[in-house]
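Inside the fold
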Amino acid sequence: MNYSQIPEKEIIKWVKSWKNPWNNFQILALHYSADPSKDPDRDGKEWYDKERVWVPKEKWNKEYELDFESKAWQLIFSSNYCDFNPWTHFIDSFDVKWELLLSLDFGQSNPNAWLVGCYDKYGVLYIIDEYYHAAIPSVSSREMFEQFSGYMDTNKTNIKKLDFDQKRIASDNTFQIKVIDPTTRSKNRTKVIEWEEMQYSVREDFYDNGWDFELWNNDWDASITRIREYMQLDERWKAHLYVFKDKCPNLCWELQKYKYKEVSEGQQRVQNESERPVKKHDHAIDSLRYMIMTRPNKPQPTPAAKSIIQLDMERLCRPQNLSALWDAE
(Lines give C-alpha, C1' and ligand atoms only; values in the text may rest on other atoms or scores of the structure.)
Protein backbone atom coordinates (compact mmCIF):
# COMPACT_ATOMS: atom_id res chain seq x y z
CA MET A 1 0.00 0.00 0.00
CA ASN A 2 1.47 3.35 -0.97
CA TYR A 3 0.86 6.69 0.68
CA SER A 4 -1.99 7.77 -1.58
CA GLN A 5 -3.91 4.54 -0.90
CA ILE A 6 -3.96 4.89 2.90
CA PRO A 7 -7.59 5.62 3.78
CA GLU A 8 -6.95 7.80 6.83
CA LYS A 9 -6.77 11.57 6.61
CA GLU A 10 -3.54 13.42 7.14
CA ILE A 11 -2.98 14.24 10.80
CA ILE A 12 -0.39 16.83 9.73
CA LYS A 13 0.89 17.64 6.26
CA TRP A 14 2.35 14.49 4.59
CA VAL A 15 1.77 12.32 7.67
CA LYS A 16 -1.01 9.73 7.97
CA SER A 17 -1.85 7.28 10.71
CA TRP A 18 -3.83 4.06 10.28
CA LYS A 19 -4.41 0.75 12.05
CA ASN A 20 -3.44 -2.55 10.48
CA PRO A 21 -6.67 -4.65 10.53
CA TRP A 22 -4.72 -7.92 10.77
CA ASN A 23 -2.78 -7.21 13.97
CA ASN A 24 -4.22 -3.88 15.20
CA PHE A 25 -0.76 -2.24 15.08
CA GLN A 26 -0.86 1.51 14.75
CA ILE A 27 1.17 2.64 11.73
CA LEU A 28 2.53 6.07 10.94
CA ALA A 29 2.98 6.65 7.19
CA LEU A 30 5.30 9.39 5.96
CA HIS A 31 5.43 10.87 2.48
CA TYR A 32 9.00 11.47 1.23
CA SER A 33 8.46 15.24 1.37
CA ALA A 34 7.83 15.07 5.12
CA ASP A 35 11.62 15.27 5.30
CA PRO A 36 12.60 18.96 4.77
CA SER A 37 15.76 17.86 2.95
CA LYS A 38 13.59 16.03 0.36
CA ASP A 39 10.66 18.41 0.07
CA PRO A 40 11.05 20.45 -3.17
CA ASP A 41 9.14 23.32 -1.57
CA ARG A 42 11.64 23.57 1.29
CA ASP A 43 15.31 22.48 1.29
CA GLY A 44 14.95 19.44 -0.95
CA LYS A 45 14.73 20.82 -4.48
CA GLU A 46 18.24 19.62 -5.37
CA TRP A 47 17.51 16.09 -4.07
CA TYR A 48 14.10 16.06 -5.79
CA ASP A 49 15.48 17.10 -9.19
CA LYS A 50 18.27 14.51 -9.09
CA GLU A 51 16.01 11.66 -7.94
CA ARG A 52 13.40 12.35 -10.61
CA VAL A 53 16.05 11.92 -13.33
CA TRP A 54 16.54 8.18 -12.82
CA VAL A 55 13.31 7.06 -11.13
CA PRO A 56 10.74 5.96 -13.77
CA LYS A 57 7.65 8.15 -13.84
CA GLU A 58 5.27 5.26 -13.15
CA LYS A 59 7.25 4.33 -10.02
CA TRP A 60 7.46 7.91 -8.80
CA ASN A 61 3.70 8.32 -9.20
CA LYS A 62 3.23 5.41 -6.81
CA GLU A 63 4.98 7.51 -4.15
CA TYR A 64 8.70 7.48 -3.46
CA GLU A 65 8.45 5.89 -0.03
CA LEU A 66 11.11 5.02 2.50
CA ASP A 67 12.31 1.46 1.98
CA PHE A 68 12.90 0.03 5.43
CA GLU A 69 13.78 -3.39 3.99
CA SER A 70 16.89 -2.20 2.14
CA LYS A 71 19.34 -2.02 5.00
CA ALA A 72 22.81 -1.00 3.86
CA TRP A 73 24.42 -4.31 4.79
CA GLN A 74 21.91 -6.23 2.65
CA LEU A 75 22.42 -4.26 -0.54
CA ILE A 76 24.52 -6.15 -3.07
CA PHE A 77 26.29 -3.02 -4.30
CA SER A 78 26.70 -1.37 -0.91
CA SER A 79 29.91 0.37 0.13
CA ASN A 80 30.89 -2.81 1.99
CA TYR A 81 31.55 -4.53 -1.33
CA CYS A 82 32.56 -1.86 -3.84
CA ASP A 83 32.76 1.86 -4.55
CA PHE A 84 29.27 2.11 -6.02
CA ASN A 85 27.80 5.57 -5.60
CA PRO A 86 24.89 6.96 -7.66
CA TRP A 87 26.52 10.39 -7.79
CA THR A 88 29.64 8.84 -9.32
CA HIS A 89 28.38 6.02 -11.54
CA PHE A 90 25.17 7.61 -12.88
CA ILE A 91 26.10 10.30 -15.40
CA ASP A 92 24.46 12.47 -18.05
CA SER A 93 24.39 11.05 -21.57
CA PHE A 94 26.71 12.14 -24.37
CA ASP A 95 27.39 11.07 -27.95
CA VAL A 96 29.40 7.85 -28.21
CA LYS A 97 31.43 6.52 -31.13
CA TRP A 98 32.94 3.30 -29.80
CA GLU A 99 32.12 -0.40 -29.89
CA LEU A 100 28.42 -1.09 -29.21
CA LEU A 101 27.12 -4.07 -27.24
CA LEU A 102 23.60 -5.39 -26.69
CA SER A 103 22.26 -7.69 -23.97
CA LEU A 104 18.80 -9.04 -23.19
CA ASP A 105 17.11 -10.57 -20.18
CA PHE A 106 13.88 -11.94 -21.61
CA GLY A 107 10.55 -11.66 -19.85
CA GLN A 108 7.02 -12.14 -21.08
CA SER A 109 5.02 -11.34 -17.96
CA ASN A 110 8.11 -9.66 -16.47
CA PRO A 111 9.86 -6.87 -18.38
CA ASN A 112 12.20 -7.55 -21.28
CA ALA A 113 15.37 -5.73 -20.24
CA TRP A 114 17.46 -4.74 -23.29
CA LEU A 115 20.62 -2.78 -22.55
CA VAL A 116 22.86 -1.00 -25.03
CA GLY A 117 26.47 -0.68 -23.92
CA CYS A 118 29.49 1.13 -25.30
CA TYR A 119 33.06 -0.03 -24.65
CA ASP A 120 35.78 2.56 -25.19
CA LYS A 121 39.49 2.17 -25.96
CA TYR A 122 40.39 2.58 -22.28
CA GLY A 123 38.26 -0.39 -21.21
CA VAL A 124 35.40 1.68 -19.77
CA LEU A 125 31.88 0.29 -20.18
CA TYR A 126 29.04 2.82 -20.54
CA ILE A 127 25.41 1.64 -20.40
CA ILE A 128 23.84 4.15 -22.75
CA ASP A 129 20.25 3.01 -23.40
CA GLU A 130 17.57 0.56 -22.28
CA TYR A 131 14.24 -0.97 -23.24
CA TYR A 132 12.18 -2.20 -20.27
CA HIS A 133 8.76 -3.63 -21.16
CA ALA A 134 6.93 -6.93 -20.92
CA ALA A 135 6.24 -8.19 -24.45
CA ILE A 136 6.47 -11.29 -26.62
CA PRO A 137 9.59 -11.56 -28.87
CA SER A 138 7.88 -10.32 -32.03
CA VAL A 139 6.58 -7.17 -30.34
CA SER A 140 9.73 -6.30 -28.39
CA SER A 141 11.88 -7.01 -31.49
CA ARG A 142 9.86 -4.57 -33.58
CA GLU A 143 9.91 -1.89 -30.87
CA MET A 144 13.64 -2.35 -30.38
CA PHE A 145 14.41 -1.81 -34.05
CA GLU A 146 12.44 1.41 -33.84
CA GLN A 147 13.97 2.60 -30.56
CA PHE A 148 17.56 1.69 -31.53
CA SER A 149 17.31 2.81 -35.16
CA GLY A 150 19.47 5.83 -34.34
CA TYR A 151 22.41 3.55 -33.60
CA MET A 152 21.89 1.69 -36.90
CA ASP A 153 22.55 4.70 -39.12
CA THR A 154 18.91 4.74 -40.22
CA ASN A 155 15.55 5.99 -38.93
CA LYS A 156 12.23 4.54 -37.83
CA THR A 157 10.65 4.97 -41.27
CA ASN A 158 13.48 3.19 -43.10
CA ILE A 159 13.75 0.36 -40.56
CA LYS A 160 10.07 -0.51 -41.05
CA LYS A 161 10.69 -1.09 -44.77
CA LEU A 162 13.36 -3.77 -44.17
CA ASP A 163 12.55 -7.47 -44.07
CA PHE A 164 13.78 -9.62 -41.17
CA ASP A 165 16.97 -10.72 -42.94
CA GLN A 166 17.88 -7.12 -43.74
CA LYS A 167 17.15 -6.09 -40.15
CA ARG A 168 19.39 -8.90 -38.88
CA ILE A 169 22.25 -7.66 -41.07
CA ALA A 170 21.70 -4.09 -39.80
CA SER A 171 21.80 -5.23 -36.15
CA ASP A 172 24.90 -7.40 -36.79
CA ASN A 173 26.68 -4.43 -38.34
CA THR A 174 25.73 -2.14 -35.45
CA PHE A 175 26.25 -4.28 -32.36
CA GLN A 176 29.55 -6.16 -32.21
CA ILE A 177 28.20 -8.41 -29.44
CA LYS A 178 24.59 -9.44 -28.76
CA VAL A 179 24.01 -11.76 -25.78
CA ILE A 180 20.95 -13.26 -24.14
CA ASP A 181 20.00 -15.31 -21.11
CA PRO A 182 21.09 -18.96 -21.78
CA THR A 183 17.74 -20.29 -20.52
CA THR A 184 16.18 -19.00 -23.76
CA ARG A 185 17.64 -22.04 -25.55
CA SER A 186 14.91 -24.25 -24.03
CA LYS A 187 12.35 -25.40 -26.60
CA ASN A 188 9.39 -24.61 -24.39
CA ARG A 189 7.03 -23.26 -27.05
CA THR A 190 5.62 -24.44 -30.36
CA LYS A 191 5.34 -22.88 -33.79
CA VAL A 192 3.69 -24.05 -37.01
CA ILE A 193 6.26 -24.29 -39.83
CA GLU A 194 5.03 -25.50 -43.22
CA TRP A 195 1.84 -26.93 -41.67
CA GLU A 196 3.82 -28.85 -39.06
CA GLU A 197 3.87 -27.96 -35.38
CA MET A 198 7.43 -27.85 -34.09
CA GLN A 199 9.08 -27.18 -30.76
CA TYR A 200 10.61 -23.75 -30.60
CA SER A 201 12.82 -21.65 -28.31
CA VAL A 202 12.68 -17.98 -27.36
CA ARG A 203 16.11 -17.45 -28.92
CA GLU A 204 14.88 -18.88 -32.24
CA ASP A 205 11.85 -16.61 -32.06
CA PHE A 206 14.09 -13.55 -31.73
CA TYR A 207 16.21 -14.79 -34.65
CA ASP A 208 13.13 -15.00 -36.87
CA ASN A 209 12.34 -11.40 -35.92
CA GLY A 210 15.76 -10.05 -36.88
CA TRP A 211 17.93 -10.48 -33.75
CA ASP A 212 20.71 -13.09 -33.68
CA PHE A 213 21.77 -13.47 -30.03
CA GLU A 214 24.55 -15.55 -28.53
CA LEU A 215 23.80 -17.53 -25.37
CA TRP A 216 26.05 -16.20 -22.66
CA ASN A 217 27.47 -16.84 -19.21
CA ASN A 218 24.91 -16.75 -16.39
CA ASP A 219 27.33 -17.32 -13.48
CA TRP A 220 25.85 -15.05 -10.81
CA ASP A 221 28.85 -14.90 -8.45
CA ALA A 222 31.37 -14.26 -11.23
CA SER A 223 29.27 -11.59 -12.94
CA ILE A 224 28.49 -9.70 -9.71
CA THR A 225 32.19 -9.76 -8.82
CA ARG A 226 33.05 -8.35 -12.24
CA ILE A 227 30.46 -5.56 -11.94
CA ARG A 228 31.95 -4.62 -8.57
CA GLU A 229 35.45 -4.63 -10.07
CA TYR A 230 34.33 -2.28 -12.84
CA MET A 231 32.72 0.00 -10.25
CA GLN A 232 35.92 0.30 -8.22
CA LEU A 233 37.68 3.64 -8.46
CA ASP A 234 41.32 3.67 -9.56
CA GLU A 235 44.09 5.96 -8.32
CA ARG A 236 42.69 8.72 -10.54
CA TRP A 237 39.23 8.31 -8.97
CA LYS A 238 37.83 6.92 -12.22
CA ALA A 239 35.54 3.90 -12.57
CA HIS A 240 35.23 1.49 -15.50
CA LEU A 241 31.41 1.29 -15.42
CA TYR A 242 29.01 4.20 -15.88
CA VAL A 243 25.25 4.39 -16.57
CA PHE A 244 23.47 7.14 -18.50
CA LYS A 245 20.89 8.11 -15.90
CA ASP A 246 18.59 9.95 -18.33
CA LYS A 247 18.51 6.98 -20.75
CA CYS A 248 18.50 4.04 -18.27
CA PRO A 249 16.23 4.97 -15.31
CA ASN A 250 15.18 1.36 -14.60
CA LEU A 251 18.75 0.07 -14.39
CA CYS A 252 19.65 2.98 -12.09
CA TRP A 253 16.66 2.18 -9.89
CA GLU A 254 17.46 -1.55 -9.71
CA LEU A 255 21.14 -1.01 -8.85
CA GLN A 256 20.06 0.89 -5.74
CA LYS A 257 17.47 -1.73 -4.69
CA TYR A 258 19.26 -5.01 -5.45
CA LYS A 259 19.79 -6.91 -2.20
CA TYR A 260 20.54 -10.28 -0.65
CA LYS A 261 17.94 -12.58 0.84
CA GLU A 262 17.60 -12.37 4.58
CA VAL A 263 18.94 -15.53 6.25
CA SER A 264 18.64 -16.22 9.96
CA GLU A 265 21.62 -17.34 12.02
CA GLY A 266 20.04 -20.78 12.38
CA GLN A 267 19.72 -21.16 8.60
CA GLN A 268 23.33 -20.08 8.14
CA ARG A 269 24.55 -22.76 10.55
CA VAL A 270 22.45 -25.54 9.04
CA GLN A 271 22.46 -24.72 5.33
CA ASN A 272 25.89 -23.12 4.89
CA GLU A 273 24.74 -21.92 1.46
CA SER A 274 26.25 -19.11 -0.58
CA GLU A 275 24.40 -15.80 -0.50
CA ARG A 276 21.75 -15.26 -3.13
CA PRO A 277 19.78 -12.18 -4.20
CA VAL A 278 16.09 -11.46 -3.78
CA LYS A 279 14.54 -12.30 -7.16
CA LYS A 280 12.88 -8.92 -7.49
CA HIS A 281 13.82 -5.75 -9.35
CA ASP A 282 16.64 -7.59 -11.13
CA HIS A 283 15.74 -7.76 -14.83
CA ALA A 284 18.00 -4.92 -15.98
CA ILE A 285 20.74 -6.11 -13.62
CA ASP A 286 20.56 -9.61 -15.10
CA SER A 287 20.98 -8.05 -18.54
CA LEU A 288 23.98 -6.09 -17.21
CA ARG A 289 25.45 -9.33 -15.84
CA TYR A 290 25.38 -10.96 -19.27
CA MET A 291 27.01 -7.93 -20.87
CA ILE A 292 29.75 -7.54 -18.25
CA MET A 293 30.80 -11.16 -18.76
CA THR A 294 31.76 -10.35 -22.36
CA ARG A 295 34.36 -7.89 -21.02
CA PRO A 296 37.87 -8.65 -19.67
CA ASN A 297 38.07 -10.13 -16.19
CA LYS A 298 39.83 -7.14 -14.64
CA PRO A 299 39.59 -3.63 -16.09
CA GLN A 300 42.89 -2.00 -16.97
CA PRO A 301 43.87 1.21 -15.17
CA THR A 302 42.86 4.32 -17.07
CA PRO A 303 46.05 5.92 -18.39
CA ALA A 304 46.79 9.36 -17.02
CA ALA A 305 46.97 12.26 -19.44
CA LYS A 306 50.58 13.00 -20.44
CA SER A 307 52.13 16.32 -19.55
CA ILE A 308 53.67 18.69 -22.11
CA ILE A 309 57.15 17.71 -20.89
CA GLN A 310 56.42 13.98 -21.35
CA LEU A 311 55.09 14.60 -24.87
CA ASP A 312 58.21 16.61 -25.74
CA MET A 313 60.48 13.87 -24.40
CA GLU A 314 58.67 11.24 -26.48
CA ARG A 315 59.01 13.43 -29.57
CA LEU A 316 62.74 13.99 -29.02
CA CYS A 317 63.38 10.29 -28.35
CA ARG A 318 61.42 9.12 -31.39
CA PRO A 319 63.73 7.64 -34.12
CA GLN A 320 64.28 10.10 -36.95
CA ASN A 321 65.30 9.75 -40.58
CA LEU A 322 68.78 11.33 -40.52
CA SER A 323 69.20 11.22 -44.29
CA ALA A 324 66.11 13.42 -44.64
CA LEU A 325 67.65 15.93 -42.26
CA TRP A 326 70.92 15.99 -44.21
CA ASP A 327 69.05 16.49 -47.50
CA ALA A 328 67.22 19.42 -45.93
CA GLU A 329 70.51 21.05 -45.07
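A quick note: this is a predicted structure, and the numbers were derived from the prediction, not measured.

This part covers the overall build of the chain. The helix and strand tally for the chain stands at 13 helices and 12 strands. Contacts in the chain between residues far apart in sequence, at least 24 positions, make up 61% of those at least 6 positions apart. Carbon together with sulfur atoms contributes 50% to the accessible area of the chain, which is approximately 19,800 Å² in total.

Attention now moves to the sheet that holds strand 5 (residues 99-105). Read across the open sheet, the seven strands follow the order 4-12-7-6-5-8-11; overall the sheet is mixed. Strands at the two margins of the open sheet, each flanked by one partner only, are strand 4 (90-91) and strand 11 (214-215).

Note: α-helices contain 3.6 residues per turn, so residues at a spacing of three or four share the same orientation. With 10 of its 10 residues buried, helix 11 (residues 283-292) lies for the most part within the structure. Of all the positions in helix 11, only H283, A284, I285, D286, S287, L288, R289, Y290, M291 and I292 are classed as buried.

With that out of the way, let us pick up the pattern of salt bridges. The tally for this structure, following the rule as stated, stands at seven salt bridges. With a closest N to O distance of 3.2 Å, R289 and D286 form a salt bridge. Here R289 and its partner D286 are both found in helix 11, three residues apart, which amounts to about one turn of the helix. With respect to burial, R289 and D286 carry one shared label: buried. When salt bridges with common partners are traced through the structure, they connect K279, D282, D286 and R289 into a single cluster.

To continue, consider the side chain of S223. When you line up the elements, S223 lands in helix 8 (residues 220-231). The exposure class assigned to S223 is buried, which follows from its relative accessible area of 0%. Engagement of the side chain of S223 in a polar contact is seen with the backbone oxygen of W220, the distance being 3.0 Å. Apart from residues lying up to four places away in sequence, S223 is in contact with R289, I292 and M293.

This brings us to the packing of helix 8 against helix 11. The description of two packed helices rests on the angle between their axes and on the distance between the axes. Where helix 8 meets helix 11, the axes come as close as 9 Å, and the angle between the chain directions of the two elements is 85°. The angle between helix 8 and helix 11 places the two elements in the roughly perpendicular class. Each of W220, S223, I224, R226, I227 and Y230 in helix 8 lies in contact with helix 11, whose residues at this interface are L288, R289 and I292. Each residue belonging to the contact of helix 8 with helix 11 can be placed in one class, and the counts come to six nonpolar, one polar and two charged.

Looking at the element boundaries, K178 is found in strand 8 (residues 177-180). Exposure remark for K178: the relative accessible area of 6% places this residue in the buried category. At 2.6 Å, the side chain of K178 and the side chain of D172 are in polar contact. The residues contacting K178, other than those within four sequence positions of it, are L102, S171, D172, W211, D212, F213 and E214.

So, on to the packing of aromatic side chains. The geometry of an aromatic ring pair comes down to the distance between the two centres and the angle between the two planes. Tallying each qualifying case throughout the model produces 22 aromatic pairs. An angle of 85° between the planes, with centres 5.5 Å apart, marks the rings of F94 and Y126 as edge-to-face. In this pair, F94 sits in the loop between strand 4 and strand 5 while Y126 sits in strand 7 (residues 125-133), placing the two residues 32 residues apart along the sequence. We classify Y126 as buried; its relative accessible area is 12%. Between W114 and Y131, the aromatic rings sit 6.3 Å apart at their centres with planes inclined by 85°, giving edge-to-face as the arrangement. Here W114, found in strand 6 (residues 112-119), pairs with Y131, found in strand 7; they are 17 residues apart in sequence, far enough to count as distant. Exposure remark for W114: the relative accessible area of 0% places this residue in the buried category. A cation over a ring is seen here: R295 above Y119, with NZ or CZ 4.4 Å from the ring centre.

Okay, the confidence of the model for the chain next. Here the chain shows a mean pLDDT of 79. Residues at 70 or above account for 76%. Per-residue pLDDT stays below 50 along residues 65-72; that stretch engages in 11 contacts with residues further than four places along the chain or on separate chains.

Calculation criteria
- Residues numbered from 1 in each chain as written.
- Predicted model: local features only at pLDDT ≥ 70, side-chain atom pairs only at ≥ 80, totals over all residues.
- Heavy atoms only, no water.
- Helix = DSSP H or I, 4+ residues; strand = E, 2+ residues; numbered from the N terminus.
- Contact = heavy atoms within 4.5 Å.
- Areas by Shrake-Rupley, 256 points an atom, 1.4 Å probe, with all protein chains shown as cover.
- Pairing = 2+ DSSP bridges.
- Buried < 20%, exposed > 50% of the residue type's maximum accessible area, 1.4 Å probe, protein only.
- Salt bridge = Lys/Arg side-chain N within 4 Å of Asp/Glu carboxyl O.
- Polar contact = N/O pair within 3.5 Å; in protein donor to acceptor, adjacent residues only side chain to side chain.
- Axes fitted to C-alpha atoms, helices over the stretch in contact; angles between N-to-C directions.
- Parallel < 35°, antiparallel > 145°, perpendicular 65-115°, else oblique.
- Nonpolar A, V, L, I, M, F, W, Y, C, P; charged D, E, K, R; others polar.
- Phe/Tyr/Trp six-rings, centres within 6.5 Å; stacked < 30°, edge-to-face > 60°.
- Lys NZ or Arg CZ within 6 Å of the ring centre and 35° of its normal.
- pLDDT = per-residue confidence, 0-100.

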